[in-house]
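# Per-entry structural report
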Amino acid sequence: MKNLTDSFVYLGHWPSAGSFGFNTDILATNPINLSVVFGVLIFFGKGVLNDLLDNRKQRILNTIRNSEELREGAIQQLENARARLRKVETEADQFRVNGYSEIEREKVNLINSTYRTLKQLENYKNETILFEQQRTINQVRERVFQQALQGAIGTLNSCLSNELHLRTINANIGMFGTMKEITD
């Protein structure tokens, strides 16, 4: 680095030998140097800068295209979701209506079933009451018959003497004998 600096200093001390030479006046040479540097940069850097700007422009356009595609996809998904929502709401309304009608049907069925059950229970109750009445009537008849039989036996025993008793037995045996002869 020291050698490079020394060579510039050495070039600055050349005697003026005509129209070519280095001007060491910084204020006079700076705008010229800057314009040369800018000119070289613009000439050679214009292609690089154009390429960078074109690449950036393409990336921005690609990003815009991708975002447009994503937006269209999102809009399509939103429409699909709205359609599914409408379909689900319709199905929910249908289920609700069907559910209400099913509940009403079940309610009517339950009322009818309860009515039939109550009717059967009423019939069973009436049959049971009738059966109990018949049983009670039969028991009363049996007791009345037993009491009448006991009364008749008591009356017969008190009224019948041994002789009358024997005559009744003989008469009955005679009747049975006659019946036996007729059947033979």
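This is a predicted model, so every value here is computed, not measured. (Residues numbered from 1 in each chain as written. Predicted model: local features only at pLDDT ≥ 70, side-chain atom pairs only at ≥ 80, totals over all residues. Heavy atoms only, no water.)

### Topic: the pattern of salt bridges
Put simply, the test is: By salt bridge we mean one thing: a side-chain nitrogen of Lys or Arg within 4 Å of a carboxyl oxygen of Asp or Glu. Put simply, DSSP marks the helices as runs of H or I at least four residues long and the strands as runs of E at least two long, and each gets a number from the N terminus on. Residue exposure (1.4 Å probe, protein chains only): buried if accessible area is under 20% of the type maximum, exposed if over 50%, otherwise partly exposed.
Counting across every chain of the model gives five salt bridges. Here Arg82 and Glu79 are joined by a salt bridge, their closest N and O atoms 3.5 Å apart. You can see Arg82 and its partner Glu79 sitting in helix 2 (residues 26–159), three residues apart, about one turn around the helix. For Glu79, a relative accessible area of 35% translates into the label partly exposed. Here Arg96 ties to Asp93 by a salt bridge, and the two come within 2.6 Å at their closest N and O atoms. A residue pair is termed a helical-turn pair when its members lie 3 or 4 positions apart in one helix, as Arg96 and Asp93 do in helix 2 at three residues. Classification of Arg96 by relative accessible area gives partly exposed; the value is 43%.

### Side note on the UniProt feature "coiled-coil region" (unreviewed entry) in the chain
We count it as follows: UniProt positions are given in the numbering used here, feature names are shortened, and annotations may be inferred rather than shown by experiment.
Under the UniProt annotation, the feature "coiled-coil region" (unreviewed entry) is placed at residues 64–98. This span, residues 64–98, is 100% helix and 0% strand, and a straight line between its end C-alpha atoms measures 50 Å.

### Quick word on the confidence of the model for the chain
Just so we agree on the cut-off: The pLDDT value expresses, per residue, how confident the predictor is, ranging between 0 and 100. Working rule for contacts: check all heavy atoms of both residues, and any pair within 4.5 Å makes them a contact.
For the chain, mean pLDDT is 82; residues scoring 70 or higher make up 83% of the total. Mean pLDDT in the chain bottoms out at helix 1 (residues 2–12), which sits at 49, and peaks at helix 2, which reaches 88. For residues 7–17, every residue scores under 50 in pLDDT, and the model assigns this stretch two contacts once sequence neighbours within four places are set aside.

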